Structure formats: structure tokens, C-alpha cells
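# Fold and contact review
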Amino acid sequence: MADYSKEEIRRIEEKWRANWIKNRVYKTDIDPAKPKYYVLDMFPYPSGAGLHVGHPLGYIASDIVARYKRIKGFNVLHPMGFDAFGLPAEQYALEHGIHPAVSTQQNIETFKRQLGQIGFCYDWSREVQTCDPSYYKWTQWIFLQIFDSWYNRRKQQAGRISTLIEILALEGNTNHPFPSSKSRTRDGKEVFSASEWKEFNEKTKQEILMHYRLAYLAYTDVNWCEALGTVLANDEVINGVSYRGGFPVVKRQMRQWSLRITEYAERLLSGLDQIDFSESMKDIQRNWIGKSEGARIEFQVKSEKGTVTSMTVFTTRPDTIYGVDFMVVAPEHDMVKQITSKAQQQEVDAYLKYVESRSEIDRMAEVKKITGCFTGAYAINPMSKKETPIWISEYVLAGYGTGAIMGVPCGDERDYKFAKHFKLPITNIIGSHYDGSEANPTFDAILENSGSLNGMVMRDAIPVVVSELEKLVAGASQINYKMRDAGWSRQRYWGEPFPVVYREDMPYAMDEADLPLTLPDSDNFKPSGSGEGPLANIPDWISFAPGQKRDSSTMPTHAGAAWYFLRYMDPHNDKEFADRKSLDYWNQVDVYIGGSEHAVAHLLYSRLWVKILHDLGYLNFDEPFKKLINQGKITGDSRFVYRLRGKNTYVSSGLIGQFETDPLHVDVSLANGLELDVEGFKKSRPDYANAEFVLENGKYICGSAIEKMSKSKYNVVNPDDIIGRYGADTLRMYEMFLGPLEQSKPWSTNGIDGVYKFLRKFWNLFHDGSGTFSVNGDAPSPDELRTLHKTIKKVQHDIESFSFNTSVSEFMICANELTGLKCNKRQVLEPLVVALSPFAPHVCEELWSLLGYDRTILEATYPAVEEKFLQVSSHAYPISINGKVRATMEFALDMPAAEMERIVLASESILKWTDGKPPRKVIIVPGRIVNIVL
RNA sequence: GCCCGGGUGGUGGAAUUGGUAGACACGCAGGACUUAAAAUCCUGUGAGCAGUAAUGCUUGUACGGGUUCAACUCCCGUCCCGGGUACCA
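Residues numbered from 1 in each chain as written. Chains lettered and ligands numbered in written order. Predicted model: local features only at pLDDT ≥ 70, side-chain atom pairs only at ≥ 80, totals over all residues. Heavy atoms only, no water.

## Digging into the overall build of chain A
Each helix and strand in chain A was counted, giving 31 helices and 33 strands. When the backbone C-alpha atoms are referred to their principal axes, chain A occupies close to 105 × 85 × 75 Å. Here chain A holds 934 residues, and 52% of them are scored as buried. Taking as baseline every contact in chain A between residues at least 6 positions apart, the subset at least 24 positions apart corresponds to 70%. On chain A, roughly 41,600 Å² of surface is accessible, and the fraction owed to carbon and sulfur atoms is 50%. (Helix = DSSP H or I, 4+ residues; strand = E, 2+ residues; numbered from the N terminus. Buried < 20%, exposed > 50% of the residue type's maximum accessible area, 1.4 Å probe, protein only. Contact = heavy atoms within 4.5 Å. Areas by Shrake-Rupley, 256 points an atom, 1.4 Å probe, with all protein chains shown as cover.)

Next comes the structure, spelled out in C-alpha cells:
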């Protein structure tokens, strides 16, 4: 008896999975004869909780694509690995004393076992783990390449530091100014000559080079989290608190590694046009990069010391230059000290003290609060020559633009509020567009009170002002980016050590031959608290030789993840990060599937590393991912019980208004829908054994909420349970059937029976009533062929457009139709097995072998869609009159429109509807509809 | 506040991008098989009205307008929901 029963499913699935492993069916090698296709999943962080039903959603989709492409004749690279460094393992070590290496390996084993059950076609021989020294050797090696690089703005690409040294020795830095406007030589110079360069000693030279390196060490403002004892990246800080734990975060200066990603801002931005990411994903990256075009304008400053200095502002609206009523600089700005007058000194000091006292959280919470202080100095407007007061205010950020702005209250909301608050005069340059009650940032006003610009439309005035400023040597057009350089140091143990050696406080690259610099074994994972990482607890390792020290920080998890997709191409290479032949062959990732939460960090860093490696000549492509699909998150559906305060009595959710209760999460598996399994609940925990209940209509109804799936909320549904009940094929198809891949949705097993029934129905097509395998070789009927071709055409189209939910529906329709036709013909069923195999690989392999094919993989190609068949086939055209459908008529699809029109208009039933009136026009949409307009 | 998505039956969701709205599935109702239940199969299922019935008509894709022979789809306005971002000059 071969019913599609639970036992039979288990037998089939175990049989084929064993077969795949034994025969290494999914092992992939370079094959120049075939086109390649690279399908990549975002590799998981192996958390202790194991896999829940949300994880496989994207993996199933990518597996379908990989199998489909393989059937289509592509050589498919479909690897999997683990992002195994990271904070949770370290926290776990702190709490339980288990070394991160140990817990990480255990977790990876669990993940691999669970992934194995779902029937993925990964080439496990290519597995990578970022915490493996043979892997992070190359993470460190790439870091050193970045350290040994600078960004040549003239060529718009990275070059080796040696080329920079040659240039500096030849011409100083006049043609290649410091990338950061704040950089200076040791003696305070922005520009130096070739001869000056030659005079510098080794340390000074190294310091200067550091200002150019793409991986550099500098004192930077970092987000310091006292509770975690570590520095956090900007994207790890949310609303002024740490993203893990929610601990307060303050700004602090520390000597940190950074990546000069800002040099790549423009290329990261323009590169988006060449890759297929969703618009929203591109928008998130564009916002993050935050390009804004405007002008830099220089104002002479008149202080008590005379006109001794100048200040530069950045503005996107140089056209409003005549509307400047005041200037504002950031409290941290260097010039504050220089320009403050004696009369204002006390007030300024008090204000600076106040600003310093405010934490990030305060500042964020009170963004609308207006504060500020006059410096006593004035700025001279380069166009109008008008003198305006210079103020300090925290609403101007030191880190953006020049840290100083020109205040135009009639056109800018914040400037307006500032002027009103401090009762500063407001000049109106936009006539009736400004009504005195709020600022108006229009571009369309005709300028007034604007000297030479009077009468011009604002948007047209922008280039005019810029060119006038250029003539006055008081400004130029300028582009600014919001994006900051990426902090690359973490005060943590479980990460890649920096492969550098400090001599006289300057870092030098380690020899390639000495890599990897392995993470020393330790049992003390506590941060040193001073700001140094746990590695500082191992002095022998830090100060490993006289006069030489190592870095006590490690790299962020982003480091290992920034290039793992390259390592998959040649994972066992111990001479290079991957050999050139593999890199050129596998090339870009054709489809990358993963969550949208990595929009700014991981995806930007990966794109950066690939661009740098490209510039240095290691890669022939400069975008890693051709296409990105963001699968939605599967959320949990939690259940609650309501306990009477202080009692062991539980109140049904409809009645809680009458009592004082506390909600408690209860395991989802104990509820059937919303109804609690009271007996099961009592048995679930000893302290529930004597529970009492206040029921409604004899039932206990739980509360519910849609929340993130997590252990602590008891709403985790494990894929193993679903596989145990229905098999992996049903799980795979059900997760696809749930809805569009990109959409987030709560997990629910409503409807999983429908998918299971489909598979059984499909199985039964190949079996007679008694469960015996039975197909016949008769020629298919037109109806059967129609169903077959329609299904294959639609399914192909759906897979190509990542619309897997509708693919599943198509298969269901197909099975229904063939069941209705009682079709068990080999010629129809064989192609369907091939078409379905990406979705339900186990059952399809079984059927394939029952059909008599002795092959380990289904390598048939999809039968070409028979366009000919579709053309001769007919379509029931709805005939509408003035847009309203009145009848249907059957026509061949290849009938000329004129012929159809003649037949339609001659039809008696149509004449009845039109009262014999001749139509104004007849619209015929081939394959769709005929519309008669009266 | 700003920038993206989105709003379709009792539910999840289809609609080939302007061409018969509600495919497919769940749920529900009725029926068949059964001593009975489960399982399975069949039929019906947006709402409203008329009809014994086949069927016919009206209405219907968050709300209000518009364009069109024809609008879930395009345009204008409003209201909700989700995501991103936030003193970025």
C-alpha cells in the first residue's frame, strides 16, 4: 500500500535525503560549459534558540530558485554557512561560563540538523564559519589591504598607500588634500610640500598616512555604553539606548579603528542604479548616505580681536543669502573660544557647561527645545556686507557640514523658531510667500531685499549666487553626505583580532605569513571597563614582545559578513581569499535573499568591501549583489492567560474586566485557536497543576497578540514539529503558500491541510484506487495538454518573478483539473514532476524514480511552452457593451480582430442587446475582451 | 515632521499591470459514505433584491471626487495601518 500517509512521507523523505548526502548530489564545481547562477541566503547567526518556522522562509524561496535554475541547465552555486562571531555568544559565556567557541559549535550543529530536515540543496562542502581561523585569516588579510589603501579622488578609486607615498614625495599633498577637513599635520598644517614631506620623521609620516588610509585609527566620538562596557555602532544605538538591553549610551572620545566609507559615498549611491534592490531598500540606503547639494560660503568674522578669522557654513540654499539674520555654530566648534567676547564669556561658558551635561537621551527627548547663546562676535555677509550676530546652539551639529550655519528665519523652520525665541529681527526676502507666522522653504518666490538678486526666482538664483561667490573667493558649490565613517572597533572578545602591531603607538600591518592572528583562549570575557576590550585581560598576549603591542579590540560582526559570499566560491583555499578563476566564474551573486533589517549595515559594508577589492584589482565586479529580495518576517501569535493577582486562578479573557489580573504568556501549543487546553495547561508546569479557572460558556478563552517569535514569549513554532506531522514538502509549500515572500505575516497553521491535501492529490494521480503505482502511455487529450501547458507557463513566470504563493496555487488548480479528467498519462505527469520538484523535492524524486528514471537529480529541462498550442486554442471572449459584460463568444486566439468584429456585430444575440444600433467603435483586446461602444 | 510601502469576502490572499474583481486555500453550510464519529469525496459560499427554478437585476476593492467605452489598477483630496528616518542646514 503506497498511500501518501505519514509513514510513507517519512520513508520517502529520509530515503532521498540519505541519497543526496551519499551521492553528493549538490556538490558544485566550476563548469565553463554551463552558465552559472549564484543563489545566496543571508547566513544565519546561530542563536541558542535554534531554528523557528520564520527562519526557513527565505531559505525555502532560495532553494526553489536554486533547484529551478539547475533544472533549467544552470550551474548553480547555493552555499550556506554561519555568521558565528558576535555578542550573544559572549554574553552567554559571561552568564554561564561556557566558552563562546563551544556554545557556538553546539548551536551550529542544531541549526545544521534542522536545516537538513527541510531538504535544502546546499553544497555543504562549501560551508564557512566566520569564527574559524582559516576563514578569519582572510578577513584579517582583507582588512590589511584596506589599511594599505587610500582613496584617490582624482581617479575616483582606491589605490595602494605606496602610490600615495610616491605622490607625496613628488608634490606634497596639494593635489590630494586630506580627506577630512579637520585633518592637520602635527604642526597644524593642512597643506605641505614635497620637501616638507621628506623632512618629516617616520612617526609624523605615519600619522599623515593615517589621515588617508581607508582603515584608520583616530580619536573619534563613539557611542559608549557603560553597562555593556563597549562601544556601539550608530546603527546599534536606538533612541539613545543600546539596541540590546536598552542601556544608556553616551558620547566619548576613544582611539578607534574606522573605515573611510565616506570616500565611497558617491559610488555607493550611484551603484544603486545598477542593481536590482527594492525601491524601499534603495531609499533606505540613499537616506543613510544622505547626499545634499549646496554651497560652502565663507563669512569674515568680526570679533573683539578684529577681523582675524573667517567661518565657513554649508547651505543647500545659497539663494537665501540676503535673508541671513544671524549665524549659528555648534557648541563643540573650535572657533567658539577664539571669538567669544569678554562680555559674553560667562554666559558662553555656562551654556557650554549645560550642553556638556546633557546626555544623548536628553538631547533626543527634547529636540524641540530651543537653547542658545550669543558669542559677542559678528559675521560679515559676503554678498550684502551686512553684519549679523554669531550664536552658539546645540541644534547645529558639529559632525555635519562645517558645524556652522547661516540663519535664514524667513525660509527655514528651525531658524525661524530660533529667531522668534531670542527675539532676533527677521528679514523677509520672499515677499508675500512669508506671512510672518511661519517660515516658508519655497523655491518659487521672487526674491526681494536681495540686492543684485532682486526679481529672480529663487531656484534660478542658486547658480547665480554660487558663481558670484566664486568671483569673490567667498564660496563654491559643495556636496555633503550625512553618512559617517564606520566605527570598526569593538571592545569584545568574540571577534576577529586586528592584525596589527603597535610600535611607538602607531599600528603596523602584520606580515601576511603570520596570519591568522588567532584569538587567544581566555576564560575572562568581562570588559576591562576602562574602555578596553576583554583581550586587555591577557597582558601576555597584548604585550607579546618588548616595545610591541597588540590591539585589545576586535572587529564587529560585520567584518566576517562583508565578504563571506566571496569565500564560498573557493572555501578551502589557504593561499588566497579565493582564487581568481573562481571569482571570475561565479562572479556576482545573482539573487540574494534575506531580511530588510540589514539594509544599512551589512549591505553597505559588503558593497564597500567589494568596491575596495575591485579597485585593488582582485575582482572584476564592483557590486556584490545583482538582485536582492527581502523576505518578510514571520511573527509569532502569542497566547495569554490571566491570573488573578496573587492567586493560582485564571480568568477567561472575556471576563478580565471584572477582576484584577496579570497577563502571562502561555505556550501556543496549549491553545487550540483561542481556546485553552485546560488539562494540558495543568500538566505543563508543576505550579499549574492545581490551577483553577473562571470560564466563559464552559471554555477558557486566551488573549492573543502578534509579536516577534521568541522563546520567552512561548510562541515559537518549531519546524521539526510541522515536519513530524506533515513532512518537509508540505512545510516548504505551505510557507510559500502563506502569502507574498516579501510580506511579513503572523505564523498560523490555518490552511496547512490544504497544501497537504494537494500533495496527496498529486501523489494519487500516479496511483490507482488501490494505491498501486499506475501511469499509462496514452496520448494526452487537448484538455489535458491545455492544463499541462498552462500550468508550466504560469509556474515558470511566477518563479522568475519570485511569486511563489501563486505558483503553489497553479499547481493546486492543475491537480484539481487532472483529477477531474482522471488523467494518469505519463506524457502529462512526467513534466509536472519536474516542474513541481523545486517545491516538493522529496516526493518528486520518489515519483521520478517510480516513473523509471534512474537519476539522482531531476535534470530534465522544463518542456518549452507550446506557443503553437496556445495560438490555436480558443478563448471565451466576454462581450461587453459600454463596458458592461452581456455575453460570451468563443474565438480562436489567432483570429484577426477584423474577422472577430464582423462575427460579433452579425450575431443575433448581440443585435438584441444593441437594439440594432451601429456601434461607435469596437475594442478588441486579444485574449481578453470584446467591447462594443455605442 | 519628512521619505517609502500598503488598505480587496468570515480569514490568508489572486487579478497576466486599464479589460468578466474575489483565482487558490482555509473556515462555514448542506449532501454522500458510515450504526456513529473521524477521515474522505461532492455541492454551495462578497452583500442585497426578485424568482419554485434555471436565472436576472442592483451594489461592491478604506473614504470623497475626477479621467476613460471600461478603474482594485491612473490623477486630485481625506482617513487609517506598516517600515525607514529625524534638529543633516
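Don't stop here, the text continues.
## Some words on the protein's contact with RNA strand B
In the vicinity of RNA strand B lie 44 residues, with Thr316, Arg414, Lys482, Gln743 and Asn931 positioned nearest. Near the protein, meaning within 4 Å, the atoms of RNA strand B are sugar or phosphate in a fraction of 54%, with bases accounting for the rest. One nitrogen or oxygen atom from the side chain of Gln743 is found 2.5 Å from a phosphate oxygen belonging to RNA strand B. With respect to RNA strand B, the side chain of Asn816 contributes an N or O atom lying 2.9 Å from a phosphate oxygen. Looking at the surface near RNA strand B, the elements with two or more residues in it are helix H10 (279-289), strand S11 (306-315), helix H24 (752-765), helix H26 (804-820), strand S30 (874-881), strand S31 (884-892), strand S32 (921-925) and strand S33 (929-933). Looking at which element gives the most residues to the surface near RNA strand B, the answer is H26, with 6 residues. For the surface near RNA strand B, a count of residues per class yields 20 nonpolar, 15 polar and 9 charged. (Near = heavy atom within 4 Å. Polar contact = N/O pair within 3.5 Å; in protein donor to acceptor, adjacent residues only side chain to side chain. Nonpolar A, V, L, I, M, F, W, Y, C, P; charged D, E, K, R; others polar.)

## Focus on the sheet that holds strand S21 (residues 628-630)
What the 4 strands build is an open sheet, ordered S2-S1-S20-S21; its pairing is parallel. Every interior strand has two partners, whereas the edge strands, strand S2 (75-77) and S21, have only one. Going across the sheet, the axis of each strand differs from the next one's by a mean of 20°, ignoring polarity. In terms of strand pairing, strand S1 (residues 36-41) meets S2 through 3 bridges, oriented parallel. Of the residues in S2, the one forming a bridge with Tyr38 is Leu77. Sheet strands touched by helix H2 (residues 56-71): S1, S2 and strand S20 (591-594). Its angle to S1, the strand with the most contacts, is close to 170°. (Pairing = 2+ DSSP bridges. Axes fitted to C-alpha atoms, helices over the stretch in contact; angles between N-to-C directions.)

## Side note on the packing of aromatic side chains
One pass over the full model with this rule turns up 63 aromatic pairs. Seen in terms of ring centroids, Tyr135 and Trp563 are 4.6 Å apart; in terms of plane orientation they differ by 15°. Their pairing is stacked. With Tyr135 in helix H5 (residues 133-147) and Trp563 in the loop between helix H17 (557-561) and helix H18 (564-567), this residue pair connects regions lying 428 residues apart in the sequence. Like Tyr135, the residue Trp563 is buried in the burial classification. Feature note: the residues Phe326, Phe374, Tyr378, Trp391, Tyr395, Phe418 and Phe422 constitute an aromatic cluster, connected by ring pairs. The side chain of Arg503 reaches across the aromatic face of Tyr508, ending 4.7 Å from its centre. Lying across the ring of Phe544, Arg550 places its NZ or CZ 3.9 Å from the centre. (Phe/Tyr/Trp six-rings, centres within 6.5 Å; stacked < 30°, edge-to-face > 60°. Lys NZ or Arg CZ within 6 Å of the ring centre and 35° of its normal.)

## Some thoughts on helix H3 (residues 87-96)
For H3, the set of buried residues is Leu87, Ala89, Glu90 and Ala93. Relative to the axis of H3, the buried residues are bounded by an arc of 165° and lie together on one face. Next to the buried residues of H3 lie helix H4 (100-117). At the exit of H3 stands Gly97, carrying a positive phi of roughly 70°. (Arc of directions from axis to C-beta.)

## Details of empty space enclosed by the protein
Summed over the entire model, instances satisfying the criterion amount to 3 cavities of 30 Å³ or more. Of the voids in this model, the second largest cavity is the one considered here, and its volume is about 40 Å³. As for the second largest cavity, its lining consists of Gly86, Leu87, Arg490, Arg492, Trp494, Gly495, Thr554, Met555, Pro556 and Thr557. (1 Å grid on protein atoms, 1.4 Å probe; cavity = no way out; pocket = protein on both sides within 12 Å on 5 of 7 lines; lining within 4 Å. Points joined across faces, edges and corners; volume = space filled by probe spheres on them.)

## With respect to the packing of H24 against helix H27 (residues 826-836)
Two elements in contact, H24 and H27, have axes separated by 11 Å at closest approach and are oriented at 150°. As H24 packs across H27, the resulting crossing turns out to be left-handed. Between H24 and H27, the contacting residues are Phe758, Phe762 and Leu765 on the first element and Leu829, Leu832, Val833 and Leu836 on the second. For the contact of H24 with H27, the residue count by class is 7 nonpolar, no polar and no charged. (Left-handed = near helix turned anticlockwise from the far one by under 90°.)

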